[in-house]
Amino acid sequence: QVQLVESGGGLVQAGGSLRLSCAASGRTFSSYGMGWFRQAPGKEQEFVAAISYSGGSTRYADSVKGRFTVSRDNAKNTVYLQMNSLKPEDTAVYYCAARTLRNSILLPTTRDEYGYWGQGTRVTVSS
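This text gives an overview of the structure that appears in the document. (Residues numbered from 1 in each chain as written. Predicted model: local features only at pLDDT ≥ 70, side-chain atom pairs only at ≥ 80, totals over all residues. Heavy atoms only, no water.)

**Some points on the sheet that holds strand 1 (residues 4–7)**
- Strand order in the open sheet formed by four strands is 1-3-8-7, with antiparallel pairing between adjacent strands. The sheet is open, and its two edges are formed by strand 1 and strand 7 (68–73), each paired on a single side. When the angles between neighbouring strand axes are averaged without regard to direction, this sheet yields 15°.
- Two strands pair when backbone bridges link them, and strand 7 and strand 8 (residues 78–83) are joined in this way by six bridges, in the antiparallel orientation. When the sheet's bridge partners are listed, Asp-73 is paired in strand 8 with Thr-78. (Pairing = 2+ DSSP bridges. Helix = DSSP H or I, 4+ residues; strand = E, 2+ residues; numbered from the N terminus. Axes fitted to C-alpha atoms, helices over the stretch in contact; angles between N-to-C directions.)

**Looking at the nonpolar core**
- Ranked by size, the top nonpolar core spans 37 residues in total, and within it Leu-4, Met-34, Trp-36, Leu-81, Met-83 and Tyr-94 carry the most contacts.
- Every element with two or more residues in this core is listed here: strand 3 (18–24), strand 4 (32–39), strand 5 (46–51), strand 7, strand 8, strand 9 (92–102), strand 10 (114–117) and strand 11 (121–126). (Core = buried A, V, L, I, M, F, W, Y, C linked by side-chain atoms within 4.5 Å. Buried < 20%, exposed > 50% of the residue type's maximum accessible area, 1.4 Å probe, protein only.)

**Details of the pairing of strand 9**
- A large share of strand 9 lies buried, amounting to eight of its 11 residues.
- Sheet topology places strand 4 next to strand 9; seven bridges connect them, and they run antiparallel. For Tyr-32, the partnering residue across the bridge sits in strand 9 and is Arg-102.
- Across three bridges, the pairing between strand 9 and strand 11 is antiparallel. Across the sheet, the residue bridging to Val-93 is Arg-122, located in strand 11.
- Here three bridges tie strand 9 to strand 10, and the two strands are oriented antiparallel to one another. Bridge pairing in strand 10 links Ala-97 to Trp-117.

**Some words on the packing of aromatic side chains**
- Applying the stated rule across the entire model yields five aromatic pairs.
- When the ring of Phe-37 is compared with that of Tyr-114, the centres are 5.2 Å apart and the planes differ by 75°; the resulting orientation is edge-to-face. Here Tyr-114 lies in strand 10 and Phe-37 lies in strand 4, a separation of 77 residues in the sequence.
- Here Tyr-114 falls in the buried class, since its relative accessible area comes to 5%.
- A ring pair is formed by Phe-37 and Trp-117, whose centres lie 5.1 Å apart and whose planes are at 55°; its orientation type is tilted. With Phe-37 in strand 4 and Trp-117 in strand 10, this pair connects stretches of sequence that are 80 residues apart.
- When its relative accessible area of 2% is taken as the criterion, Phe-37 is described as buried.
- Pairwise contacts between aromatic rings join Phe-37, Phe-47, Tyr-114 and Trp-117 into one cluster.
- Positioned over the ring face of Tyr-114 is Arg-99, at 6.0 Å from the centre of the ring. (Phe/Tyr/Trp six-rings, centres within 6.5 Å; stacked < 30°, edge-to-face > 60°. Lys NZ or Arg CZ within 6 Å of the ring centre and 35° of its normal.)

**Brief notes about the pairing of strand 11**
- The two faces of strand 11 differ: Thr-121, Val-123 and Val-125 on one face are buried, but Arg-122, Thr-124 and Ser-126 on the other face are not.
- Pairing of strand 2 (residues 10–13) with strand 11, which is carried by four bridges, proceeds in the parallel orientation. When the sheet's bridge partners are listed, Val-12 is paired in strand 11 with Val-125.

**Observations regarding the environment of Ala-97**
- Within the secondary structure, Ala-97 is located in strand 9.
- Owing to a relative accessible area of 0%, Ala-97 belongs among the buried residues under this scheme.
- Considered as a pair, Ala-97 and Leu-4 are 93 residues apart in the sequence and their alpha carbons are 7.4 Å apart.

If you want it as structure tokens, here you go:
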């Protein structure tokens, strides 16, 4: 069982940066691949980024590639999403999620592959 708590959201101007954190409970965090998803007002939830359990592999949505960086610190049970060059269209509630399947090197983009979710943190980018 993994419990996740996101933090770091807020209001930022276009072109600015934010770093989201996702703190996980449990001694097995290092065996879970992690993902970030977001849901903008009136839209469906979408994949943003994923990182393997070791941190050796990452994957990004085309819309954030080159601007966002996902990383993790297994010693701190935390995964991060560094967001640079933010755009108004990045405005959303951001969720971190842990894979249902442990020790998998796959980096899925669909939410049904993630069994544990945080409560979300809101990011608002003003123009």
